[in-house]
Amino acid sequence: MRVTMRRVLLVVGSVVALMVTLHLGQQVLECQQVLSERRHRLMRPENEELVMVDSNHVEYRYSKEMPLIFIGGVPRSGTTLMRAMLDAHPEVRCGEETRIIPRVLAMRQAWSKSGREKMRLDEAGVTDQVLDAAMQAFILEVIAKHGEPARYLCNKDPFTLKSSVYLSRLFPNSKFLLMVRDGRASVHSMITRKVTIAGFDLNSYRDCLTKWNKAIEVMYSQCLEIGRSRCLPVYYEQLVLHPEQSMHAIMKFLGISWSDTVLHHEELIGKPGGVSLSKIERSTDQVIKPVNMEALSKWIGHIPGDVLQDMAHIAPMLARLGYDPYANPPNYGHPDPLVVNNTHRVLKGDYKTPANLKGHLQVTQNTSSSH
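An account of the accompanying structure is given in this report. Throughout, residues of each chain are indexed from 1 in the direction in which the sequence is written. Residues qualify for local features only when their pLDDT is at least 70, as the model is predicted, and side-chain atom pairs are given and counted only at 80 or more; totals for whole chains, interfaces and linings, by contrast, use all residues. For the side-chain quantities, the full set of heavy atoms in the structure was used; hydrogens and water were omitted.

Quick look at the packing of aromatic side chains
- Centre distance within 6.5 Å is the pairing criterion for rings of Phe, Tyr and Trp, where only the six-membered ring of Trp is used; planes under 30 degrees apart are then read as stacked, over 60 as edge-to-face, and the remainder as tilted. Throughout the structure, instances matching the rule amount to five aromatic pairs.
- Each ring, one from Tyr235 and one from Tyr323, has its centre 6.0 Å from the other, and the planes form 45°; the classification is tilted. With Tyr235 in strand S7 (residues 231–235) and Tyr323 in the loop between helix H14 (317–320) and helix H15 (337–348), the pair connects residues that are 88 residues apart, well separated along the chain.
- Put simply, the rings of Phe70, Phe171 and Phe176 pair up and form one aromatic cluster. Counting from the N terminus, the helices are the DSSP runs of H or I reaching at least four residues and the strands are the DSSP runs of E reaching at least two.

Structure, rendered in structure tokens:
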């Protein structure tokens, strides 16, 4: 009898143990499933789209595959004018400088250059693939959400084009507009308008021209590397002298339909779907005017003689870009009648200052590195 009871108890215990084991196993599987679902919700798939809706309830979908437009160049090379003219197009939105994108790109580049840092990141599982996915998501989020949605989005942070090759990999359908301007004019504008740029000594034309040469060489080389099908050098002088011809070529390059509004950006400043400008940006007081020749040759007669004499050595990129380093004054070409008329209007003060600019008038020196 005792043996039989023991066997019964043993069988019952085994059954109970089995049931408990099965129950626990089921609980573990359910927990794993819940955790998996949570991870799936938290981790964004690489092809996820960013959805935005405008004031008219029109939905826009953005992803890394979209044809983003990046505008850049050495500060004081016409990047703000270029983006304002594009902003005037009803299907394009650029907006003000984000300021953060070039800084993040510089950090990413620094991590890649440091062998020790890269090794530590790899060991921590923060691989290039992880970083690139994060950069894609961050840059797209900033560009998409810092302004109103539109069919085409562009970013204008001048120094982003020092990372054109990298950006071209992150966004395979993106295109780049590299603003090119006579370095003597760019540097004179930096110095006289006191636009502080990291590494540029605004007390020295020689130093600023040397730094200009280094910066434009990097950007121009990267533009050539990614190819003319994706990067278009835009000469500021030709954009100003022949805006219609230049903009037709730019819109064709970008694959965007033509609109006459790009030739009259000043009429759309501060208007819904038009050009958004900030009083804080140093180029705003110039861009509120119609396209004109006022700033083309302001540098003439202001650069020290010893710098002019050494110009070809100080800034060899001038000649490479097609400028005569010894031409003083240079011959940039003859303006279109529209530009002549605009220039006469500007010199007479015959233009309106928009009352609805963002921010407050800047009264102190700008410390940005992106104009």
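From this point, the narrative continues.
Observations regarding the state of the cysteines
- The disulfide criterion is simple: two cysteine sulfur atoms within 2.5 Å. Tallying each qualifying case throughout the model produces two disulfides.
- Covalently, Cys223 is tied to Cys231 through a disulfide, its sulfur atoms 2.0 Å apart. A torsion of -110° about the S-S bond marks the disulfide between Cys223 and Cys231 as left-handed.
- Per-residue accessibility, obtained with a 1.4 Å probe over protein chains only, is compared with the maximum for each type, and a residue is labelled buried under 20%, exposed over 50%, and partly exposed between these values. Taking relative accessible area as the criterion, Cys223 reaches 0% and is therefore assigned buried.

As for the nonpolar core
- Within the largest apolar cluster, 86 residues are counted, with the highest numbers of intra-cluster contacts made by Met82, Leu86, Leu177 and Met247.
- By residue number, the principal contributor to this core is helix H8 (residues 205–226), which donates 10 residues.
- Whether two residues touch is decided by their heavy atoms; if any such pair falls within 4.5 Å, the residues are in contact. Met247 has contacts with Met82, Met85, Leu86, Leu239, Trp258, Val262 and Leu263, leaving out every residue within four places of it along the chain.
- Grouping buried Ala, Val, Leu, Ile, Met, Phe, Trp, Tyr and Cys residues that are joined through side-chain atoms within 4.5 Å yields what is termed a nonpolar core. By size, the runner-up hydrophobic cluster in this structure holds eight residues, among which are Ala84, Ile269, Ile288 and Leu357.

Things to note about the side chain of Gln136
- In this structure, Gln136 sits in helix H5 (residues 128–145).
- For Gln136, a relative accessible area of 12% puts it in the buried group.
- Within the structure, the side chain of Gln136 is placed 2.8 Å from the backbone oxygen of Leu170, a separation counted as a polar contact.
- In contact with Gln136, other than residues within four places in its own chain, are Lys64, Leu170 and Phe171. As used in this structure description, the phrase polar contact means that two N or O atoms lie within 3.5 Å; if the pair is within protein, one of them must be able to donate a hydrogen and the other to accept it, and residues adjacent in sequence are counted only when both atoms belong to side chains.

Things to note about the pattern of salt bridges
- We define a salt bridge as a contact between a side-chain nitrogen of Lys or Arg and a carboxyl oxygen of Asp or Glu at a distance within 4 Å. Applying the stated criterion across every chain, the model contains 16 salt bridges.
- As a salt-bridge pair, Lys118 and Asp128 come within 3.6 Å of each other at their nearest N and O atoms. Placement of Lys118 in helix H4 (residues 115–123) and of Asp128 in helix H5 is noted, with a sequence separation of 10 residues between them.
- In this structure Asp128 comes out as partly exposed when scored by relative accessible area, which is 30%.
- Salt bridges sharing partners connect three or more residues here, namely Arg108, Lys118, Asp122, Asp128 and Asp132.

A few points about the packing of helix H2 (residues 79–87) against helix H10 (residues 243–254)
- Angular values range over 0 to 180 degrees, each being the angle between N-to-C directions of two axes fitted as lines to C-alpha atoms, with helices fitted over their stretch in contact. Contact geometry of H2 with H10 gives a least axis separation of 12 Å together with a crossing angle of 70°. By the criterion of interaxial angle, the relationship of H2 to H10 is roughly perpendicular. Across the interface between the two elements, Met82, Met85 and Leu86 from H2 touch Pro243, Met247, Ile250, Met251 and Leu254 from H10.
- Under the convention adopted here, Pro, Cys and the residues Ala, Val, Leu, Ile, Met, Phe, Trp and Tyr are nonpolar, Asp, Glu, Lys and Arg are charged, and Gly plus all remaining residues are polar. Along the lines of polarity and charge, the residues of the contact of H2 with H10 split into eight nonpolar, no polar and no charged. Orientation labels follow simple angle bins: below 35 degrees gives roughly parallel, above 145 gives roughly antiparallel, 65 to 115 gives roughly perpendicular, and whatever is left gives oblique.

So, the sheet that holds S7
- Note on pairing: DSSP must find at least two bridges between two strands before they are called paired. The five strands lie next to each other as S4-S5-S3-S6-S7, forming an open sheet whose pairing is parallel. A single partner strand is all that each edge strand has here, and the edge strands are strand S4 (92–93) and S7.
- H5 contacts strand S3 (69–73), S4 and strand S5 (152–156) of the sheet and is inclined by roughly 105° relative to S5.

Observations concerning H2
- The buried fraction of H2 amounts to nine of the nine residues, a majority that puts the element mostly inside the structure.
- Among all positions in H2, only Thr79, Thr80, Leu81, Met82, Arg83, Ala84, Met85, Leu86 and Asp87 are buried.

Remarks on the environment of Ser164
- Structurally, the position occupied by Ser164 is in helix H6 (residues 164–170).
- A distance of 2.9 Å separates a polar side-chain atom of Ser164 from the backbone oxygen of Leu161.

Here we look at H8
- The terminal C-alpha atoms of H8, which comprises 22 residues, lie 32 Å apart, in line with the 32 Å expected from a rise of 1.5 Å per residue.
- Within H8 the residues assigned to the buried category are Tyr205, Cys208, Leu209, Trp212, Asn213, Ala215, Ile216, Met219, Tyr220, Gln222, Cys223 and Ile226.
- With a side-chain oxygen positioned 3.4 Å from the backbone nitrogen of Arg206, the residue opening H8 is Ser204.
- Just beyond H8, the residue with positive phi is Gly227, at close to 100°. Helices are assigned an expected span. That span is 1.5 Å times one less than the residue count.

Quick look at the pairing of strand S1 (residues 50–53)
- Alternating residues of S1 divide into Leu50 and Met52, all buried, and Val51 and Val53, none buried.
- As judged from the four bridges shared by S1 and strand S2 (residues 59–62), these two strands associate in the antiparallel manner. Pairing of Met52 across the sheet is with Tyr60, part of S2.
- Two successive antiparallel strands, S1 and S2, enclose a turn made up of five residues, where His57 displays a positive phi of approximately 65°.

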